[in-house]
Each structure stands twice: as structure tokens, then as C-alpha cells.
Amino acid sequence: MTLPENLERVLPEIGCDLFDVLVIRTDFSDDEAWEAVVGELHRPWGPGGEFAAAVQLVDASAWSGATADEVLAALVDEDLIVVFVADRGTMKSPARALLALSTVWEDVSGLDPVYYQELIESPEPREFRATPAAVHGVQADLALGNVDFAEYARAAAAEPDQVLRPI
């Protein structure tokens, strides 16, 4: 996708807080759905709602139609573990499920099968879907190392609609 000259895909610098959630909007077809997502993202979270929501939103038309690969290619923050994308699936989903993308996912297609057959046959998951209410917990657990990305991906895959909800 070629962008017009006056548009740039620029990401904000995420603050020092590892608990800030980065959400990039790539679908602009339903403003009402987007507002519902934003409202949910800004709600306090945690078992009793005791934590304030820290969210960095990228809501710029330059990101319209960006693929997961394009989003990941634009990331420059080495400390960022996961990025959430509000894509077409988000806007169409009754749960408004965001696409969670691992920033540490590795392409295994070029590995030597003699040494890496198991990894090639079962690569780590790169993505899963999560409700806006679940993303803060995902971010916190990944930042603290309590849970890894693959565990969350498996939990989402086990759900009937394959969407992770707050645990």
C-alpha cells in the first residue's frame, strides 16, 4: 500500500511505564464501534477496577488498511512486547476484540529443519484476539513475565469465539 505524500505512519513514544497499552486503529469504517472500544479501554481494570487504564491510542488515517506485518515493521521500541490493533475484525466483532500482536515473534521459515524441526512444525503464535477489557491484564502479565504470549494465545484459542476475556 502506497501512502499519499502528506501521510505518515508514525507511532508515539511509549512512556517508561511498561503497563501502557498501545492500540493502533487500522479500520475507519465504523466510528461508533471505535468509540465503544475507546470507552472500554479507558475503564479502570483489575479484579476490583483498582488500576487506572494507561492507553496510548494511534487514531490516524495514515494507518488505514495497515496489515499486521506493516504495524510490526513500524515498531521501534525494543521494550514493547505486544501491540493491539483495532482492525476490521474488531469493528465487526460483537466483543470488539482487538488483535494482539507479539513484537518478539520470529519467522521460522528460513531455519534449517535438521536442527529446528520441532520449532518449524510448531512455531510460537504471533497473534490472538482479546476484548478491550482484557488488554490491560495481558500487557501487565507480559511486562512482568507472569504469563507468556503463547499462553494467552492458547487461552484465546480455547474459547468458543477464540477471543480472550479478562481472567
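Below: a short report on this structure. (Residues numbered from 1 in each chain as written. Predicted model: local features only at pLDDT ≥ 70, side-chain atom pairs only at ≥ 80, totals over all residues. Heavy atoms only, no water.)

### Description of the pattern of salt bridges
Then step 1. Counting across every chain of the model gives seven salt bridges.
Then step 2. Taking the shortest distance from any N to any O, the salt bridge between Arg126 and Glu127 comes out at 4.0 Å.
Then step 3. The class of Glu127 is partly exposed, set by a relative accessible area of 38%.
Then step 4. In this structure, a network of salt bridges that share partners links the residues Arg25, Asp31 and Asp59. (Salt bridge = Lys/Arg side-chain N within 4 Å of Asp/Glu carboxyl O. Buried < 20%, exposed > 50% of the residue type's maximum accessible area, 1.4 Å probe, protein only.)

### A short note on unusual backbone geometry
Comment: phi is negative for the bulk of residues other than glycine, and the bulk of peptide bonds are trans.
Then step 1. Of note, Arg96 is a non-glycine position whose phi angle comes to about 55°, a positive value.
Then step 2. Among the secondary structure elements, Arg96 is positioned in the loop between helix 3 (88–92) and strand 4 (98–102).
Then step 3. Positive phi outside glycine occurs at Gln162, with the angle close to 60°.
Then step 4. By the element assignment, Gln162 lies in the loop between helix 6 (149–158) and strand 6 (163–164). (Helix = DSSP H or I, 4+ residues; strand = E, 2+ residues; numbered from the N terminus.)

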